Amino acid sequence: MRMDELDRVVRELREAAAGPPETYARVLERALAVCEADPAADKYLDVLELHDELADAYDRSGRVEDALRHADVLVDRGYQSAPDPRCRRAEILTRHGRAEEAAAVWDEVARDTPDDVWLYNNAGLEYSAIGEHELALRWLTNGLELAVRTGDPERLVGQLRDLRAESLAALGREPDRLQTAEPRPVARTPVFRPRPPRGPAEGPRGPAGQPPVAWAWLPADEYPHLEQRWPDIAGASTVRDEAGGLVDHATYCRRMEGRLREASDAGMTVIRIAPLRWAEYTSWREANQEEGDPAQLRARYAADLCNDPTRVVTWPPGRNEPCWCGSGRKYKKCCAAPGAGGAR
């Protein structure tokens, strides 16, 4: 296949992605046919990603059996995703009222991957979305207990708390102790010590020796405290709407995505997202006796976090990896979706 034909297919996919799911599915099927007709095309088009997109497009258009067929292809061909790709089938079945079939898949994955917090997060999301709050609460409780017990390496405590709070409220129950439990400290947490500023020749580096640039970001569990803890950020355009009101966390993250893309386009190719958490930040300030302009302090703190790769998020993640914002959705269906980073 000629490159101009491949370019046309890719362009059609990009344009159709923002349109009706039925139209997008037709374009995806054509792209899949191109790959089957010309094996060389799979060097430019990810066949498994096409199946993944088709499962989603058919799901959204109500063609359940077609959605399940493509979801099963992902499992059969060893598709790598978080959570386990079998969860795609469970999600589709849950959304379309096939409760017993869905429960069997969720339970099977839980037996096989009991330590995957994304499993509990996604199951809770799906059950909550259809109003099955008792089931949602069970999954979210298991997920939140796991995240707290393991130190929350996936940074999902905030999301799990919010979802669980919704289900508790829907069931008429009061928040319990788990809602305020903090992740247990783990051995990898660094001890902050005073040290001289790092020069340009030191520290972890990216391609061609470029040092990473850290971007401070407020995760979901910290964002509600924005005006009390981070007042100088509270007036920024990323957090205010046209009327001056505070935007929700998802909008804030989409605006962050837009700025990250602008930075990347300008040549900033090694970017790390540094979560701002008040307790850790204040401990760092006390240990390092840091004072001065709040923005500069945050920048130095974010740069310090880059010394430990487990404490920052590499941007951008892979399209099929969990989104950096902690929503629980894949990056390509969240902050990387068409138009997601439009507010800049």
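Peer 1: Give a detailed account of the overall build of the chain, specifying residues and quantitative values.
Peer 2: The number of helices and strands found in the chain is 13 helices and three strands. When each of the 344 residues of the chain is scored for burial, the buried share is 45%. Entry remark: accessible area of the chain is about 17500 Å², with carbon and sulfur atoms responsible for 51%.

Peer 1: Give a detailed account of the nonpolar core, specifying residues and quantitative values.
Peer 2: Among the nonpolar cores identified, the biggest contains 51 residues, and Leu-13, Leu-50, Trp-106, Leu-119 and Trp-139 are the most heavily contacted of them. If one sorts the elements of this core by residue count, helix α2 (residues 21-37) sits on top with eight residues. Apart from the residues within four sequence positions on either side, Leu-119 is in contact with Pro-83, Cys-87, Trp-106, Val-109, Ala-110, Thr-113 and Trp-139. The next biggest cluster of nonpolar side chains, apart from the first, holds 34 residues, and it includes Leu-218, Ala-234, Leu-276 and Leu-297.

Peer 1: Help me get a handle on the side chain of Asp-116, residues and values and all.
Peer 2: Tracing the backbone shows Asp-116 in the loop between α6 (99-112) and α7 (117-129). No salt bridge is formed by the buried Asp-116, whose closest oppositely charged neighbour, Arg-86, lies at an N-O distance of 8.8 Å. Contact partners of Asp-116, with chain neighbours within four places excluded, come to Pro-83, Asp-84 and Leu-146.

Peer 1: Can you tell me about helix α8 (residues 133-149), naming the residues and giving the values?
Peer 2: In this model, α8 (17 residues) spans 23 Å end to end at C-alpha, consistent with the 24 Å of a helix rising 1.5 Å per residue. Every buried residue belonging to α8 is among His-133, Ala-136, Leu-137, Trp-139, Leu-140, Thr-141, Gly-143, Leu-144, Leu-146, Ala-147 and Val-148, and all of these are buried. As for α8, its buried residues are in contact with α6, α7 and α9 (157-170). Once α8 ends, the next one or two residues include Gly-151, with phi positive near 85°.

Peer 1: Please provide a residue-by-residue account of the packing of helix α3 (residues 47-61) against helix α4 (residues 64-76), values included.
Peer 2: In contact at an axis separation of 8 Å, α3 and α4 are set at 155° when each is read in the N-to-C sense. In terms of orientation, α3 and α4 fall into the roughly antiparallel class. In the crossing of α3 with α4, the sense of the turn from one axis to the other is left-handed. Along its contact with α3, which presents Leu-48, His-51, Asp-52, Leu-54, Ala-55, Tyr-58 and Asp-59, the element α4 presents Asp-66, Ala-67, His-70, Ala-71, Val-73 and Leu-74.

Peer 1: Any details on the pattern of salt bridges? Residues and values, ideally.
Peer 2: What the rule picks out here adds up to 26 salt bridges. Residues Arg-261 and Glu-257 are paired through a salt bridge, measuring 3.0 Å at the closest nitrogen-oxygen approach. With Arg-261 and Glu-257 both in helix α11 (residues 249-265) and four residues apart, the pair spans about one turn of that helix. Overall, Glu-257 belongs to the buried group, its relative accessible area being 0%. One network of salt bridges, with partners in common, ties together Asp-52, Asp-59, Arg-88, Glu-91, Arg-95 and Glu-126.

Peer 1: Account for the state of the cysteines, with residues named and values stated.
Peer 2: Considering all chains together, one arrives at zero disulfides under this definition. In this structure Cys-323 is a free cysteine whose sulfur lies 3.6 Å from that of Cys-335, the closest cysteine sulfur available. Unpaired in terms of disulfides, Cys-325 finds its nearest cysteine sulfur in Cys-334, a separation of 3.7 Å.

About the cut-offs
Residues numbered from 1 in each chain as written. Predicted model: local features only at pLDDT ≥ 70, side-chain atom pairs only at ≥ 80, totals over all residues. Heavy atoms only, no water. Helix = DSSP H or I, 4+ residues; strand = E, 2+ residues; numbered from the N terminus. Buried < 20%, exposed > 50% of the residue type's maximum accessible area, 1.4 Å probe, protein only. Areas by Shrake-Rupley, 256 points an atom, 1.4 Å probe, with all protein chains shown as cover. Core = buried A, V, L, I, M, F, W, Y, C linked by side-chain atoms within 4.5 Å. Contact = heavy atoms within 4.5 Å. Lys, Arg positive; Asp, Glu negative; His and termini not counted. Salt bridge = Lys/Arg side-chain N within 4 Å of Asp/Glu carboxyl O. Expected span 1.5 Å × (residues − 1). Axes fitted to C-alpha atoms, helices over the stretch in contact; angles between N-to-C directions. Parallel < 35°, antiparallel > 145°, perpendicular 65-115°, else oblique. Left-handed = near helix turned anticlockwise from the far one by under 90°. Disulfide = S-S within 2.5 Å.

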